[in-house]
Amino acid sequence: MMTSTPRLLQAIQQTTTAILKTNLVGIYLYGSYVLGSYNEQVSDLDYLIVVRRSLTLAEKRQLMTATITQLWPLAPHKGLEFHVLLLSATQHFVHPCPFDFHFSKYHYEDYQRTPLAYLKAMHGTDPDLAAHLTILQAAGQVLLGPAITTVFGPVPATAYWDSIKSDIANAETAIVQLPMYTVLNLCRVRAYQQDQLIISKQAGGEWGLQQLPTQWHPLIRQALAAYAGQQDEQVIRWSRPNLVAFARIMLAELGLKSE
């Protein structure tokens with residue numbers, strides 16, 4: 001019997017192709033799934049849909065109906081995240097990158113509450129796309145469509161650095177609310193700053209155990225155990241002062257002021 005992720009990938013291909021038809025250029029996977037740290041119990045599945053022209057309201061509605069009814073039941077624990085990008089935007093990158101449509105678990109309730117308003121409002125620019133597209137070009141997989149190099153133009157390293165820095169700018173407060181994610185993310189950003197590594201959160205934590213002072217190792221090990229699903233993040237006894245101290249020191253080393 002297939003596990004749910006291969007069935008999910010098959011369903012993404014089938015539903016997206018049926019809805020977008022000739023407008024569809026391709027579907028591309030990035031994130032933990034391609035970086036070797038994907039775990040159905042704790043991860044989400046990240047993908048990009050590239051199209052030739054902007055989606056109509058009807059196409060967006062069909063895409064969301066398929067996402068909620070057919071894809072969501074097969075999704076990993078943290079759900080799905082996808083952006084719809086125009087081919088013109090992927091071939092000629094500008095930062096922040098424009099997107100035509102977007103959905104993730106964080107938007108699930110917004111969509112359920114006011115679907116039409118969500119469909120109409122969800123477009124704009126997203127600084128996170130610089131990081132997503134860099135990871136895609138370093139390690140991404142084609143689910144459907146032409147090769148990554150023919151669809152995606154280069155992303156400047158400065159845009160990637162700006163994107164991952166903005167993701168941890170509020171780390172001093174975020175680390176108390178989302179300790180596992182923030183600890184590993186800080187390690188990952190530091191690994192890029194120091195060694196130019198483009199890696200997963202898990203690999204960031206493993207890098208931290210090799211490169212950061214031993215006083216932080218227990219904290220990083222806790223975060224890695226939570227990420228691997230070995231321990232429930234909610235029941236781990238996190239030390240709040242230790243978390244805040246770690247965030248402050250890491251932000252200082254990254255050349256960022258804490259909030």
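All figures in this text were calculated on a predicted structure; none of them were measured in a lab. (Residues numbered from 1 in each chain as written. Predicted model: local features only at pLDDT ≥ 70, side-chain atom pairs only at ≥ 80, totals over all residues. Heavy atoms only, no water.)

1. Topic: the sheet that holds strand E7 (residues 141–144)
Right, on to step 1. Spatially, E5-E3-E2-E1-E7 is the arrangement adopted by the five strands of the open sheet, whose pairing is mixed. Two strands lie at the open edges of the sheet, namely strand E5 (101–104) and E7, each paired on one side alone. With strand direction ignored, the average angle separating the axes of adjacent strands in the sheet is 20 degrees.
Right, on to step 2. The sheet contact formed by strand E1 (residues 24–30) and E7 spans three bridges and is antiparallel. Its bridge partner lying in E7, leucine 29 is registered against glutamine 141. (Pairing = 2+ DSSP bridges. Helix = DSSP H or I, 4+ residues; strand = E, 2+ residues; numbered from the N terminus. Axes fitted to C-alpha atoms, helices over the stretch in contact; angles between N-to-C directions.)

2. Let's talk about the UniProt feature "domain: Adenylyltransferase AadA C-terminal" (unreviewed entry) in the protein chain
Right, on to step 1. Sequence positions flagged by UniProt for "domain: Adenylyltransferase AadA C-terminal" (unreviewed entry) are, in local numbering, residues 150–252.
Right, on to step 2. End-to-end, the C-alpha atoms of residues 150–252 are 39 Å apart, and along that stretch the chain is 70% helix and 0% strand. (UniProt positions renumbered as here; feature names shortened; annotations may be inferred.)

3. A look at the environment of histidine 77
Right, on to step 1. By the secondary structure assignment, histidine 77 is in the loop between helix H3 (57–71) and strand E3 (80–86).
Right, on to step 2. Overall, histidine 77 belongs to the exposed group, its relative accessible area being 53%.
Right, on to step 3. Put simply, histidine 77 and lysine 165 are 88 residues apart on the chain and 26 Å apart in space, counted from C-alpha to C-alpha.
Right, on to step 4. Those residues in contact with histidine 77 that sit more than four places away from it in its chain are Glu40, Gln41, Val42, Ser43 and Lys105. (Buried < 20%, exposed > 50% of the residue type's maximum accessible area, 1.4 Å probe, protein only. Contact = heavy atoms within 4.5 Å.)

4. Observations concerning the side chain of glutamate 172
Right, on to step 1. Mapped onto the elements, glutamate 172 comes out in helix H10 (residues 171–177).
Right, on to step 2. Within polar-contact distance, the side chain of glutamate 172 engages the side chain of arginine 248 at 2.7 Å. (Polar contact = N/O pair within 3.5 Å; in protein donor to acceptor, adjacent residues only side chain to side chain.)

5. Structural notes on the pairing of strand E2 (residues 45–51)
Residues in a regular strand point their side chains to alternate faces of the sheet.
Right, on to step 1. Here E2 lies mainly inside the structure; seven of its seven residues are buried.
Right, on to step 2. By the alternation rule, side chains of E2 split into Leu45, Tyr47, Ile49 and Val51 and Asp46, Leu48 and Val50, which are all buried.
Right, on to step 3. One ladder, built from six bridges, connects E1 with E2; its direction is antiparallel. Pairing of glycine 26 across the sheet is with valine 50, part of E2.
Right, on to step 4. Taken together, the seven bridges between E2 and E3 define a ladder with parallel strand orientation.

6. Digging into the packing of helix H12 (residues 201–211) against helix H13 (residues 217–227)
Right, on to step 1. As a packed pair, H12 and H13 sit with axes 10 Å apart at the nearest point and diverge in direction by 155 degrees. The orientation of H12 with respect to H13, classified from their angle, is roughly antiparallel. By crossing handedness, the relation of H12 to H13 is classed as left-handed. Every residue of H13 that contacts H12 at Lys201, Gln202, Gly205, Glu206, Gly208 and Leu209 is listed here: His217, Ile220, Arg221, Leu224 and Tyr227.
Right, on to step 2. A per-class count over the contact of H12 with H13 returns four nonpolar, four polar and three charged. (Parallel < 35°, antiparallel > 145°, perpendicular 65-115°, else oblique. Left-handed = near helix turned anticlockwise from the far one by under 90°. Nonpolar A, V, L, I, M, F, W, Y, C, P; charged D, E, K, R; others polar.)

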